[in-house]
Each structure stands twice: as C-alpha cells, then as structure tokens.
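Observations on the model geometry
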Amino acid sequence: MHATLPLLRHSDFPPIRRRRLETLQVNLGYRCNQSCVHCHVNAGPTRTEAASGEVIDTVLAYLRTSPARKLDVTGGAPELNPHFRRLVTAARALGIHVMDRCNLTILNEAGQEDLAAFLAGERVEVVGSLPCYLEENVDRQRGKGVFHGSIAALRKLNALGYGKAGSGLVLNLVYNPQGPSLPPAQGPLEAAYRRRLAEGYGVEFNGLYTLANMPIARFGSTLISKGEFNSYMRLLRDSHRDENLEQVMCRSLLSVDWQGYVYDCDFNQMLDLPARVDGAPRTRLAELVGRDLEGRPIVVADHCFGCTAGQGSSCGGALA
C-alpha cells in the first residue's frame with residue numbers, strides 16, 4: 001500500500017473554520033464483508049478494528065449535550081460491530097436522526113436476516129452504496145455478485161417501505177466514479193438511476209448522492225501504482241470552486257474513529273490527521289462532552305480539493 005499523505009500534506013487549500021455542529025459521524029470499525037477498489041478506509045473481511053462498548057457510551061454521552069441532531073454511522077460495515085444496534089436504539093431514544101452508511105449486501109449475510117426490519121423499526125435512514133446501475137461496473141469495483149446482492153437487499157428494503165412515498169423510511173443511494181474522474185451532474189444521473197432500477201428491477205429509492213473518489217488509502221495507492229496520482233490531483237485542483245467552501249461537510253460535522261479520537265472529517269481520519277483542539281496532538285471525544293468547537297480551524301491538505309472540485313462532494317452528495 002502506497003502512502004499518500006506525504007504527497008498531500010503540503011497544501012495551499014484555503015483555510016476554513018468550523019460552524020455550529022450538526023452531524024456526529026462515527027466509524028464503528030474497519031471490518032466489512034466487501035473489499036472495494038475505491039474504499040478510502042481499506043476495509044475488508046480480515047480487519048479486526050472495532051469500537052468498544054466504552055466508545056459507544058461516550059458517543060451517547062456526547063450526543064446528550066451536543067447541538068448535533070444527526071448521527072452518521074459508518075465503517076467498514078458498521079452493522080458488524082456488536083454494539084451497532086444498541087447505539088442506534090439509544091440514539092433514536094434521544095431523538096437523534098440516525099443514518100446508516102450501508103453497503104447493502106450486509107443485509108443478506110448470515111446472522112443479519114432481521115437487520116432490515118431493525119433499521120425500519122428504528123426509522124433509520126439508509127444510505128446505500130451502489131456505484132452504478134450496471135452489473136458489470138459494480139462487480140468490477142466491488143466484487144463478483146455484489147450487484148445482484150445489492151438488488152436483493154434493495155428489494156428487501158422496499159418491501160418494508162423504504163424508498164416509498166409517504167412511508168417516512170428514507171433510502172438514498174451513493175454513486176462514485178469507476179476511476180480518476182469527477183462524478184457527472186447529480187440530477188441527471190439520479191434520473192437515470194431511477195429509470196434503470198425501476199424498469200430493470202422494480203427498485204425505488206429517495207435520492208442519489210454523487211461522491212468523488214478521494215486520492216487516499218486504497219484508491220490513492222492504486223492511482224500511484226498506475227502513475228495516475230498527479231494527473232488526478234491536477235484535475236481536482238483545476239476544478240476547484242471557491243463557492244463550494246461554504247458547504248463542505250467538515251464545517252458542520254465531527255468525525256470519530258473506532259478508538260474514540262476526533263477528526264474534522266472521515267478522510268482526515270483515514271490519513272491520521274486529527275482535529276486540532278487546544279494544541280493537543282490528538283483529542284478523544286470524551287474530552288469534548290459539553291464543549292463547543294465552533295470557530296476552530298479545520299485541518300486541511302490537498303485531498304480537500306476532492307470536496308470542492310466541480311459540483312462539490314460531501315457525505316450528502318453534490319454541494320452545487
């Protein structure tokens with residue numbers, strides 16, 4: 001695995017500061033039933049890192065006093081963490097909106113047969129990764145059979161009401177490019193997804209998020225191996241738009257890793273660039289309970305151009 005941080009650290013990305021916190025994003029661990037080419041987490045079936053019950057308790061304590069009203073749960077496959085359901089149930093009891101970043105095929109795994117029903121019962125928003133509506137493209141990026149497994153999972157969610165008008169059960173899908181290019185315009189691509197999935201598979205969903213691939217971890221290493229890293233970075237920098245700086249997710253989101261340390265975003269987490277709080281080299285979420293981070297500077301590097309290029313990119317899709 002090629003290290004990308006040395007190629008990104010020295011940056012002229014514009015300085016930005018935090019606003020009022022809206023979303024707490026928690027990575028519950030790196031274990032996953034898939035191992036995808038584009039993964040910025042290097043997740044896979046053999047990873048063992050997982051948030052402990054103590055970290056889960058800290059997350060809940062933080063949410064009780066935080067202005068954040070959204071909990072964005074990610075991984076790996078976060079559902080594989082043994083404390084996932086306790087976290088979701090407790091957060092919902094606090095009135096927190098919970099988003100599960102789901103790879104979809106986890107819903108078909110042994111031992112997860114009731115997972116979809118659990119998510120529906122807790123009114124969890126499902127953000128499902130489906131990087132294309134074409135079988136060959138999905139299987140090339142995520143592994144053979146993943147597309148049909150994803151369709152089976154989407155049908156399961158639809159049967160529970162997810163993606164259906166008036167149900168209140170939100171199902172959004174996530175697209176990312178196959179290689180070193182920017183995502184196409186989100187609106188027209190969402191229309192194409194909606195048409196192809198409905199006509200071909202009878203699948204419904206609420207919206208589509210288009211995300212740019214970040215030049216870090218597994219994807220960044222692949223770019224280096226193919227001699228494409230510098231050209232991709234040039235594309236991101238040349239496509240930068242200042243207006244996207246107003247909406248980048250790090251301004252209103254705090255990222256927490258499986259050990260309970262905090263970062264300005266999930267990408268910084270994967271580069272091991274901790275949030276700067278009072279000059280400390282790194283800070284645990286437990287130290288921030290009841291504290292306000294608004295106005296503090298955000299740690300940036302060249303990978304941040306991935307969020308401001310073109311229509312912009314965030315955990316909630318295009319910014320423009």
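Scroll up to find the structure this text is about.
Below is a short write-up of the structure. These figures come from a predicted structure and were not determined experimentally.

Moving on: the pairing of strand E6 (residues 207-210). Residues Gly 207 and Tyr 209 line one face of E6 and the alternating positions Leu 208 and Thr 210 line the opposite face, and both faces are buried. Note on the crossover from strand E5 (residues 171-175) through helix H7 (residues 186-201) to E6: the handedness is right-handed.

This next bit is on the layout of surface pockets. Its volume calculated, the largest pocket comes out at about 320 Å³. Taken together, 17 residues form the lining of the largest pocket, with Thr 23, Lys 70, Met 249, Ser 314 and Gly 316 sitting closest to its centre. Those elements giving two or more residues to the lining of the largest pocket turn out to be strand E2 (70-74) and strand E3 (97-102). The greatest single-element share of the lining of the largest pocket, amounting to three residues, is contributed by E3. Residue classes in the lining of the largest pocket are distributed as six nonpolar, six polar and five charged.

This part takes up the sheet that holds E2. Strands sit in the order E6-E5-E4-E3-E2-E1-E7-E8 across an open sheet of eight strands; the sheet is mixed. Here the strands that pair on one side only, and so sit at the sheet edges, are E6 and strand E8 (262-263). Bridge count for strand E7 (residues 253-256) against E8 is two bridges, and the pairing is antiparallel. Across the sheet, Ser 255 pairs through a bridge with Tyr 263, a residue of E8. Across the face of the sheet, H7 comes into contact with E5 and E6 while running at roughly 130° to E6.

Take the pattern of salt bridges next. A full pass over the atoms with the stated rule returns 15 salt bridges. The residue Asp 57 makes a salt bridge to Arg 86 at a minimum N-O spacing of 2.9 Å. Of this pair, Asp 57 sits in helix H2 (residues 53-65) while Arg 86 sits in helix H3 (residues 84-93); the two residues are 29 residues apart in sequence, bridging distant segments of the chain. For Arg 194, the salt bridge is made with Glu 190, and the minimal N-O distance between the two is 2.7 Å. Residue Arg 194 and its partner Glu 190 are located together in helix H7, separated by four residues, close to a single helical turn.

Looking now at empty space enclosed by the protein. Under the defined criterion, the tally for this structure stands at four cavities of 30 Å³ or more. Space inside the second largest cavity adds up to approximately 110 Å³.

With that out of the way, let us pick up unusual backbone geometry. For residues other than glycine, phi is negative in most cases, and the peptide bonds are mostly trans. Backbone torsion omega between Gly 75 and Gly 76 reads 25°, so that peptide bond is classified as cis. On the secondary structure map, Gly 76 appears in the loop between E2 and H3. You will see that Arg 123, though not glycine, has its phi angle at about 60°, which is positive. Of note, Arg 123 is situated in the loop between helix H4 (115-121) and strand E4 (125-129). Backbone geometry at Asp 278 places phi at a positive 55°, although glycine is not the residue there. Relative to the helices and strands, Asp 278 is located in the loop between helix H10 (266-271) and helix H11 (305-308).

So, on to the side chain of Glu 79. Residue position: Glu 79 is located in the loop between E2 and H3. Salt bridges are absent for the buried Glu 79, whose nearest opposite-charge side chain, Arg 85, sits at 9.3 Å. Contacts of Glu 79, omitting those with residues within four sequence positions, involve Phe 84, Asp 100, Arg 101, Cys 102, Ile 106, Gln 112 and Leu 115.

Those residues of helix H9 (residues 229-238) not exposed but buried are Phe 229, Tyr 232, Met 233 and Leu 236. Around the axis of H9, the buried residues are gathered within 100° of arc, so they sit on the same side. In H9, those exposed residues whose orientation departs by more than 90 degrees from the buried face are Asn 230 and Asp 238. Where H9 is buried, its residues contact helix H1 (5-8), helix H8 (217-225) and H11.

Position of Gln 25 among the secondary structure elements: in strand E1 (residues 23-27). You can call Gln 25 buried: its relative accessible area is 1%. For the pair Gln 25 and Leu 71, spaced 46 residues apart in sequence, the C-alpha to C-alpha distance is 5.8 Å. Of the polar contacts made by the side chain of Gln 25, one reaches the side chain of Asp 72; its length is 3.1 Å.

One can describe the packing of H2 onto H3 by two numbers: an axis separation of 10 Å at closest approach and a directional angle of 15°. Put simply, H2 runs roughly parallel to H3. Judged by the sense of rotation from one axis to the other, the crossing of H2 with H3 is right-handed. Residues Gly 53, Ile 56, Asp 57, Val 59, Leu 60 and Leu 63 of H2 form the contact with H3, whose participating residues are Arg 86, Leu 87, Ala 90 and Ala 91. Grouping the constituent residues of the contact of H2 with H3 by class yields seven nonpolar, one polar and two charged.

Rules used throughout
Residues numbered from 1 in each chain as written. Predicted model: local features only at pLDDT ≥ 70, side-chain atom pairs only at ≥ 80, totals over all residues. Heavy atoms only, no water. Buried < 20%, exposed > 50% of the residue type's maximum accessible area, 1.4 Å probe, protein only. Helix = DSSP H or I, 4+ residues; strand = E, 2+ residues; numbered from the N terminus. Right-handed = clockwise from strand over helix to strand, strands pointing away. 1 Å grid on protein atoms, 1.4 Å probe; cavity = no way out; pocket = protein on both sides within 12 Å on 5 of 7 lines; lining within 4 Å. Points joined across faces, edges and corners; volume = space filled by probe spheres on them. Nonpolar A, V, L, I, M, F, W, Y, C, P; charged D, E, K, R; others polar. Pairing = 2+ DSSP bridges. Contact = heavy atoms within 4.5 Å. Axes fitted to C-alpha atoms, helices over the stretch in contact; angles between N-to-C directions. Salt bridge = Lys/Arg side-chain N within 4 Å of Asp/Glu carboxyl O. Lys, Arg positive; Asp, Glu negative; His and termini not counted. Arc of directions from axis to C-beta. Polar contact = N/O pair within 3.5 Å; in protein donor to acceptor, adjacent residues only side chain to side chain. Parallel < 35°, antiparallel > 145°, perpendicular 65-115°, else oblique. Left-handed = near helix turned anticlockwise from the far one by under 90°.

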